[in-house]
Amino acid sequence: MSHSSSSSSSSNPGSPTATAAPNITTATVVNTSETPSSSSSFSSKAHSSIQSLSSIISSIPSSLSSSPNPSFSLLHDPTISSQISSLLRHPDSGSGDNNLCRWLYDTFHSTDPELQLVVLRFIPIIAGVYLSRIALRKSLAGFEAILLAFYAHETNARGGQPITVHVPDLSHPSIYHEAKPSAKNKSTELNLAVISPTLEPHGTMRSTRRARIVGVALELYYSKISQMPVTSKIEFCEFCEIWAGKSRANHKDGEEDHGKKSGSNDDEMEKVKKERRIPLPWELLQPSLRILGHCFLGPHRSKELFDAASSAIKSLYERSLHDIDAKAILATSSLLRLEKFALDPKNNIDHTEIKMENVISL
């Protein structure tokens, strides 16, 4: 597939219209099949990308260049991920002339799917820092260019179609039961639920589109979440708590913050001041809850990720109660019930296992 994304700078950060960076050029994404020649081309592009990154971050492990799969190694290398994460969180990050934003933008527009995963790995931080700094009214054209690239990619990939799911219709009999034929009703035939509506092309970031564009970026992240490192998912859980207005360092489960501070939490408090509570419309909350659902119900075996996701969902549940948002209350409370179900030892039973007993029943 191919697509292009238009971008321009935001001349007035206080205006309701924000646009992408002018000095980040458009590119094309093309799906290719895995052949020896394309594999060699991907490897060459990965090495070129690593070489470009070496001028941005302080150090790159020497083993990365000699890796048989440099893109995969780049995705899972903790040293490089930590350096990039720190740079993205820097107070001056996200501007239109930011070298790291340019590198992420160009790398996403490469034809190497694994290199694109490297960029998607940082969606939690890009979206988290961007949304948390909107109120500061500073130029974030670099972040906006990357988010618009994600949105353009998904718009082109979906081909004007929404994402839907079939919902069982209880008014229709199942295949295991007999029932008298009933008159057809149009209301019973509409058993499609729209997960994500049709996307309209957008080349600029406006305040009225912001939540939708960032939400689509999170949907793209969710579609690749099984390939994302655990640290990336934990970062997303932490931002969900910040968005909800709750600091993990200063709250216990079910307790409110009454202004108590300690010296050991000064750094955390300063971080929370910069990354603050944000509005959570459904188009942003829904993909966030889908990601969190994977984080504590997915096939992973990370207790740290499970605990982080559990804490994030509790924070969002408290936020939904505060906002009196019925849809959000229903969704978050459902996830909390699933968590209790997952933690109940009575439910950790493999029903396919044959029990060995000494008693023979006749």
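In the block above lies the structure referred to throughout.
In short, a report on the structure.

### Examining helix H5 (residues 99-108)
For H5, a buried count of 7 out of 10 residues is recorded, marking the element as mostly surrounded by other parts of the structure. Looking at where H5 begins, the residue whose side-chain oxygen comes 3.0 Å from the main-chain nitrogen of Leu100 is Asn98.

### Remarks on the environment of Gln286
Secondary-structure assignment places Gln286 in helix H13 (residues 282-297). Residue class for Gln286 comes out buried when judged on its relative accessible area of 16%. Sequence separation between Gln286 and Ala331 is 45 residues; the distance between their C-alpha atoms is 8.4 Å. A polar atom in the side chain of Gln286 sits 3.5 Å from the backbone oxygen of Ile195.

### Focus: the side chain of Thr332
Along the chain, the position of Thr332 falls in helix H15 (residues 326-343). Reaching out from Thr332, the side chain makes a polar contact with the backbone oxygen of Ala328 at a distance of 2.7 Å.

### Considerations on unusual backbone geometry
Glycine aside, residues mostly have negative phi angles, and peptide bonds mostly take the trans form. With a phi close to 55°, Arg137 is a non-glycine residue in the positive phi region. Among the secondary structure elements, Arg137 is positioned in the loop between helix H7 (123-133) and helix H8 (141-158). Residue class for Arg137 comes out exposed when judged on its relative accessible area of 52%. At Ile324, a residue that is not glycine, the phi angle is positive and equals roughly 55°. Topologically, Ile324 is positioned in the loop between helix H14 (303-323) and H15.

Thresholds, definitions, all that
- Residues numbered from 1 in each chain as written.
- Predicted model: local features only at pLDDT ≥ 70, side-chain atom pairs only at ≥ 80, totals over all residues.
- Heavy atoms only, no water.
- Buried < 20%, exposed > 50% of the residue type's maximum accessible area, 1.4 Å probe, protein only.
- Helix = DSSP H or I, 4+ residues; strand = E, 2+ residues; numbered from the N terminus.
- Polar contact = N/O pair within 3.5 Å; in protein donor to acceptor, adjacent residues only side chain to side chain.

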